[in-house]
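Read off the chains here:
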Amino acid sequence: MSADLLAPDPTYWGGKSVVVTGGAGFLGKPTVRMLTELGAEVRVPRSAEHDLTDPRACLDALAGAEVVVHLAANVGGIGFNRRNPGPLVRDNMAMGLNVFEACRQHGVAKLVAACSVCAYPKHTPTPFSEDRLWDGFPEESNAPYGLAKKMLIVLSDAYRRQYDLDSCVPVIANLYGPEDNFDLEDSHVIAAMVHRYVIATENGDPEVVLWGTGEPSREFLYVDDAARAMILAAEHRDSSQPFNIGTGVETKIRDLAALVARATGYRGATAWDTSLPDGQPVRYLDVTRAAEEIGFQAEVPLEQGLALTVESFRSSLSRT
Ligand SMILES: NC(=O)c1ccc[n+]([C@@H]2O[C@H](COP(=O)([O-])OP(=O)(O)OC[C@H]3O[C@@H](n4cnc5c(N)ncnc54)[C@H](OP(=O)(O)O)[C@@H]3O)[C@@H](O)[C@H]2O)c1
């Protein structure tokens, strides 16, 4: 990649008042940590005090912010998405709308609003290019979430043209890393695999059964890389055209399972429950635009990130 890669700039952040919605979440934690290290004054509105689906609470939460990084979302893995289409579309649309409107009313200088790869049409040629985002309907199980997130792009463009609000919308690949949600009820694919293989290793189970056929492919971005991308986006992106944030590397779920098994030291067999759905068949992003326009490139290789994720889950078990 020929683009100049950039590091976050402390002179941009020093003393800036920044609100990170969802700042106590999986992506929020490293984002807040990095912003604080860069010298920003960071506030994190928690849902218990500021339910961002409520316009008044949202207006209150964002008061005084110069920069807003909007990460709050109702989000989960494929099973969670299938069980909760109503809350997923309602909460994520409400939060997006309220955050844009509050930023407009407060005259916020920059808003970064996190979108997801789930916004892409089910059948998109790979690697997914931003120009294909509007070509069709998302994979059915994550459409309510994906389309609610996609409205952030419409909000960004409309509020820029009508009200001159400077916002941008990164479209983020599947994330993984330490302190992920490892609960099998609503976790994403890597956290769920780490959970299953670690427990199977401890129990000496002869077989781990995984969801689907193992044939689909995905792209996995280490969470700290994504946090750095949010920061570079705030510094450098002044367009409402969406831009992908990922590694650009495709990994089959079957190969991922082998890597997770190795990272956990599991020696048994892996079986696939093909009665359960696969989700979108193939997914990985064209990451050229982010490299060229915000100087971002992912740094953490999958094997290294998996080792850190396994370590994090093991230490969470030893604390319980
Ligand atoms: N994880 C992924 O693989 C992935 C991939 C692509 C894009 N993204 C996007 O990245 C962002 C962060 O995801 P994540 O995985 O970090 O999610 P997460 O760990 O579930 O964190 C989400 C945070 O949102 C906050 N929140 C939820 N509902 C709220 C409400 N009604 N009012 C105020 N706050 C609320 C929660 O705050 P409290 O803790 O205070 O309740 C929570 O800490 C989301 O926008 C998501 O769409 C994630």
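Computed from a predicted structure; not experimentally measured.

On to the sheet that holds strand 5 (residues 115-116), then. Reading across from one edge, 5-7-12 is the order of the three strands in this open sheet, with parallel pairing throughout. One side of each edge strand has no neighbouring strand; the edge strands of this open sheet are strand 5 and strand 12 (243-245). As paired elements, strand 7 (residues 170-172) and strand 12 share three bridges and run parallel to each other. When the bridges of strand 12 are listed, isoleucine 172 appears paired with isoleucine 245. Against the sheet, helix 8 (residues 223-236) touches strand 7 and strand 12, its axis set at about 170 degrees to strand 7.

Our next topic: the site of the ligand. With respect to spatial proximity, 26 residues lie near the ligand, and among them Gly22, Gly25, Ser47, Ala73 and Leu175 are the closest. For the shell around the ligand, a count of residues per class yields 11 nonpolar, 11 polar and four charged.

In this section: the pairing of strand 1 (residues 17-21). With four of five residues buried, strand 1 is to be regarded as a mostly interior element. With three bridges connecting them, strand 1 and strand 2 (residues 41-43) associate as parallel partners. Its bridge partner lying in strand 2, serine 17 is registered against glutamate 41. In this fold, strand 1 hands off to helix 2 (residues 28-37), which returns the chain to strand 2; that crossover is right-handed.

On to unusual backbone geometry. In this model, threonine 126 is joined to proline 127 through a cis peptide bond whose omega is -10 degrees. One can find proline 127 in the loop between strand 5 and helix 6 (143-163). Phi at aspartate 164 is positive, roughly 65 degrees, even though this residue is not glycine. Note that aspartate 164 resides in the loop between helix 6 and strand 6 (167-168).

Counting 98 residues, the largest nonpolar core has Val68, Ile172, Met193, Ala226 and Val260 as the members making the most contacts within it. Excluding residues within four positions of it along the chain, methionine 193 makes contact with Leu210, Leu256, Ala257 and Val260.

What follows concerns helix 6. Its 21 residues place the ends of helix 6 29 Å apart at the C-alpha level, agreeing with the 30 Å of an ideal helix rising 1.5 Å per residue. When we look at burial in helix 6, the residues that qualify are Ala143, Pro144, Tyr145, Gly146, Ala148, Lys149, Lys150, Met151, Leu152, Ile153, Leu155 and Ser156. Contacts made by the buried residues of helix 6 are with helix 4 (78-83), helix 5 (85-106), strand 4 (110-113), strand 5 and strand 6. Immediately downstream of helix 6, the backbone of aspartate 164 shows phi near 65 degrees, a positive value.

This part is about the sheet that holds strand 3 (residues 67-70). Pairing in this open sheet of five strands is parallel, and the strands run 2-1-3-4-6 from one edge to the other. Strands at the two margins of the open sheet, each flanked by one partner only, are strand 2 and strand 6. In the packing of helix 8 onto the sheet, contacts are made with strand 3, strand 4 and strand 6, and the angle to strand 4 comes to roughly 145 degrees.

With that out of the way, let us pick up the environment of serine 141. Within the element layout of this structure, serine 141 appears in the loop between strand 5 and helix 6. Once the C-alpha coordinates of serine 141 and proline 301 are considered, the two residues, 160 residues apart in sequence, prove to be 29 Å apart. Excluding its chain neighbours within four sequence positions, the residues that come into contact with serine 141 are Ile78, Asn81, Arg82, Pro277 and Gly279.

Attention now moves to the packing of helix 5 against helix 6. Helix 6 packs onto helix 5 with a crossing angle of 15 degrees between their chain directions and a minimal axis gap of 8 Å. Regarding the angle of helix 5 to helix 6, the classification is roughly parallel. The handedness of the crossing between helix 5 and helix 6 comes out as right-handed. Where helix 5 approaches helix 6, its residues Pro85, Leu88, Val89, Asn92, Met93, Gly96, Leu97, Phe100 and Arg104 are matched on the opposing element by Pro144, Tyr145, Leu147, Ala148, Lys149, Met151, Leu152, Leu155, Tyr159 and Tyr163. For the contact of helix 5 with helix 6, the residue count by class is 15 nonpolar, two polar and two charged.

Rules of the game
- Numbering of residues starts from 1 in every chain and runs along the sequence as written.
- In keeping with the model being predicted, local features are shown solely for residues with a pLDDT of at least 70 and side-chain atom pairs are shown and tallied solely at 80 or more, while totals for entire chains, interfaces and linings include all residues.
- Following DSSP output, two strands are said to pair if at least two bridges run between them.
- Only runs of H or I of at least four residues qualify as helices and only runs of E of at least two qualify as strands under DSSP, and these elements are numbered from the N terminus.
- Residue pairs are scored as contacts if the distance between their C-beta atoms, which are placed from the backbone, is within 7 Å.
- Comment: axis = line fitted to C-alpha atoms, over the contacting stretch for helices; angle = value between 0 and 180 degrees taken between N-to-C directions.
- Placing a C-beta atom from the backbone of each residue, we mark the residue near a molecule or strand if the atom is within 6 Å of it.
- Nonpolar residues are Ala, Val, Leu, Ile, Met, Phe, Trp, Tyr, Cys and Pro. Charged residues are Asp, Glu, Lys and Arg, and all others, Gly as well, are polar.
- Buried means a residue has 20 or more other C-beta atoms within 10 Å of its own C-beta, exposed means 12 or fewer, and partly exposed covers the counts in between; C-beta atoms are placed from the backbone.
- Look down the strands so they point away from you; if the path from the first strand over the helix to the second goes clockwise, the crossover is right-handed.
- Each nonpolar core consists of buried Ala, Val, Leu, Ile, Met, Phe, Trp, Tyr and Cys residues. Their C-beta atoms, within 7 Å, join them into a set.
- To estimate the expected span of a helix, count its residues, drop one, and scale the result by 1.5 Å.
- Roughly parallel covers angles under 35 degrees, roughly antiparallel covers those over 145, roughly perpendicular covers 65 to 115, and oblique covers all other angles.
- Crossing chirality is assigned from the near helix's rotation relative to the far helix, an anticlockwise turn below a right angle marking it left-handed and a clockwise turn marking it right-handed.

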